[in-house]
Amino acid sequence: MYIGFPLIVSSSLSQQSLTLQTCIDRALVNSSQTATESSLISSSRLDKQFHWWSLLPNLVANAGVNTSFGRRLDPFTNTFATSSVNSQFFGLNSSVQLFNGFNYFRKGRVYATTIQLNELVLSAKLNELKIQVIETYVTLCKLSKQKQLTQSRIEKYIQIQTIQRLLIREGRINVIDTLKSQHSLLREQELFSNLSNECKLKNMQLNFLMGSPLRTDFTVDFTSTSMIRDKPKIQEKYRLESLEIELELLRHQLKSDRSVMLPSISLSGLVGTGFSTNNKDYSLPGSPTKSYTDQINQNLYEGIGVSLNVPLFNRGEWLKTNQLNAVKQLEIESKKEVADRLLEKHQLELEQYRLNNKVKLEQIRELADNLQLIYTKSLLLYEEGRLTYTEIETALMEWQMKLIEAELLKMEHEILNLYEH
């Protein structure tokens, strides 16, 4: 039953070992995890990039063809006659705003602040992704450590079985002890198998976060957790910064909306011409329609003008916008206060957890060392036939449970130290 376990361990030695920093780097370049946030940044940058185009004049071409027909009074014969008239027109219109209440500059600030907000959203997403990678990686480390300790217990049960065979030959113990130790060995082998399956699931999850093939096998190194370059931040920090930018964005948007209430000056120009089959000299009977070229030249028109628009009454829209903006600012200010208190709360909790874990870890390590000594002495007494198997197994499991608790607490302590103080 035990032969297969060394094979499992030895096969893992040939697998690629990934540090926590490597996993984080691969996850951060996995664009599929941040596609939405990256798209928002690209869109807001395009809005700002094309914003200066609003300073350029617009240019509109227009053309049309018209046909009219019906009865009309002929001035020469004083009788009604049926006729049809065809006409064409085409031209160009252009206009440009000379002054719009500085809305161009205020709108530019809105776009710039929107980019800043979207970049922060992306940073928060990357930070969240980094935390997911760290938690998954450390969970893998915990499972790997539990597998090692389970493997160690399996070896100790085999050692106990060797002792039992000697004691049975000497007649010091009953054969029932071998059945109990075999049951304990099978139980530990089952636990090892379950831990291996959990490791595979966490491997898949970490591969998914990194954008790697899901069946890629690798090993983890817990010592690498303390060597990451950029520590993750508490998510409330990003929430607080986001609210501050949203508040600034609201202020810029209010200024942009206010500029709509100011007078605006625009310059416009147009040019065009046309042709009609009804364009003829009616003072002479039978006169033909003027030629197409003559009409195009004679009907040419140009125009240029300056217009001043002064908003006088917009049915309370500005008052509504101003009050809604004030309500939104008040809401964000309240959320900022809550986010600030949550940030302070989480920082204090982390610090308290660090202190508690440090003290608790020292106590559990001392207990584990003491239990290890008890087990070592108990094993010697068992070899002399002075202790029962139940007593030696109890000593072993108490020591191993404290050892597992110490290792897991050590890892939890390292996770707490990964966050920025």
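Residues numbered from 1 in each chain as written. Predicted model: local features only at pLDDT ≥ 70, side-chain atom pairs only at ≥ 80, totals over all residues. Heavy atoms only, no water.

Turning to helix 4 (residues 103-169), a few remarks are in order. Compared with an ideal rise of 1.5 Å per residue, which puts 67 residues at 99 Å, helix 4 spans 99 Å between its outermost C-alpha atoms and is within 8% of the ideal. Just past helix 4, the residue G171 takes up positive phi, approximately 75°. (Helix = DSSP H or I, 4+ residues; strand = E, 2+ residues; numbered from the N terminus. Expected span 1.5 Å × (residues − 1).)

A word on the packing of helix 2 (residues 20-28) against helix 4. Relative to each other, helix 2 and helix 4 sit at 140°, their axes nearing to 10 Å. Relative to helix 4, helix 2 is oriented oblique. Two packed elements cross with a definite hand, and for helix 2 against helix 4 that hand is right-handed. The residues of helix 4 that touch helix 2, namely those facing L20, C23, I24, A27 and L28, are L126, L129, K130, V133, I134 and Y137. The residue makeup of the contact of helix 2 with helix 4, split by class, is 10 nonpolar, no polar and one charged. (Axes fitted to C-alpha atoms, helices over the stretch in contact; angles between N-to-C directions. Parallel < 35°, antiparallel > 145°, perpendicular 65-115°, else oblique. Left-handed = near helix turned anticlockwise from the far one by under 90°. Contact = heavy atoms within 4.5 Å. Nonpolar A, V, L, I, M, F, W, Y, C, P; charged D, E, K, R; others polar.)

What follows is about the packing of aromatic side chains. Across all of its chains, the model carries five aromatic pairs by this definition. Relative to W399, the ring of Y375 lies with its centre 5.6 Å away and its plane at 25°, an arrangement referred to as stacked. Here the residue Y375 occupies a position in helix 8 (residues 317-383), and W399 occupies one in helix 9 (residues 389-418), the gap between them amounting to 24 residues. Comparing Y375 with W399, the two get one shared label, buried. Taken together, the aromatic side chains of F50, W52 and W53 make up a single cluster linked through ring pairs. (Phe/Tyr/Trp six-rings, centres within 6.5 Å; stacked < 30°, edge-to-face > 60°. Buried < 20%, exposed > 50% of the residue type's maximum accessible area, 1.4 Å probe, protein only.)

Of all hydrophobic cores here, the largest spans 36 residues; its most connected members are L20, C23, V133, I134 and L206. The leading source of residues in this core is helix 4, at nine residues. Once residues lying within four places of it in the same chain are set aside, the contact partners of V133 are L20, C23, I24, A27, L206 and L209. Judged by nonpolar contacts, the second largest core, of 16 residues, contains I160, L371, L396 and W399. (Core = buried A, V, L, I, M, F, W, Y, C linked by side-chain atoms within 4.5 Å.)

The next subject is unusual backbone geometry. One non-glycine residue, F102, lies in positive phi territory at about 60°. With respect to the helices, strands and loops of the structure, F102 is situated in the loop between strand 3 (79-99) and helix 4.

By definition, a disulfide links the sulfur atoms of two cysteine residues through a covalent bond. What the rule picks out here adds up to zero disulfides. For C23, which is in no disulfide, the shortest distance to another cysteine sulfur is to C141 and amounts to 9.1 Å. With no disulfide partner, C199 has as its closest neighbouring cysteine sulfur the one in C141, 9.7 Å distant. Taking relative accessible area as the criterion, C199 reaches 10% and is therefore assigned buried. (Disulfide = S-S within 2.5 Å.)

Looking now at the confidence of the model for the protein chain. With 91% of its residues at a pLDDT of at least 70, the protein chain reaches an overall mean of 86. Here helix 1 (residues 4-13) is the element of the protein chain with the lowest mean pLDDT, 38, and helix 5 (residues 176-210) is the one with the highest, 93. Every residue in residues 1-13 scores below 50 in pLDDT, and together they form 15 contacts with partners more than four places removed in sequence or on other chains. (pLDDT = per-residue confidence, 0-100.)

Now for the pattern of salt bridges. Under the criterion given, the structure shown has 13 salt bridges. Between R251 and E333 there is a salt bridge, and its shortest N-O distance comes to 3.9 Å. Residue R251 is found in helix 6 (residues 235-259), and its partner E333 is found in helix 8; the two are separated by 82 residues along the sequence. The partly exposed category is assigned to E333, whose relative accessible area is 35%. Here E405 ties to K402 by a salt bridge, and the two come within 3.4 Å at their closest N and O atoms. Linking E405 with K402, this pair stays in helix 9, spanning three residues, or about one helical turn. Overall, E405 belongs to the partly exposed group, its relative accessible area being 29%. (Salt bridge = Lys/Arg side-chain N within 4 Å of Asp/Glu carboxyl O.)

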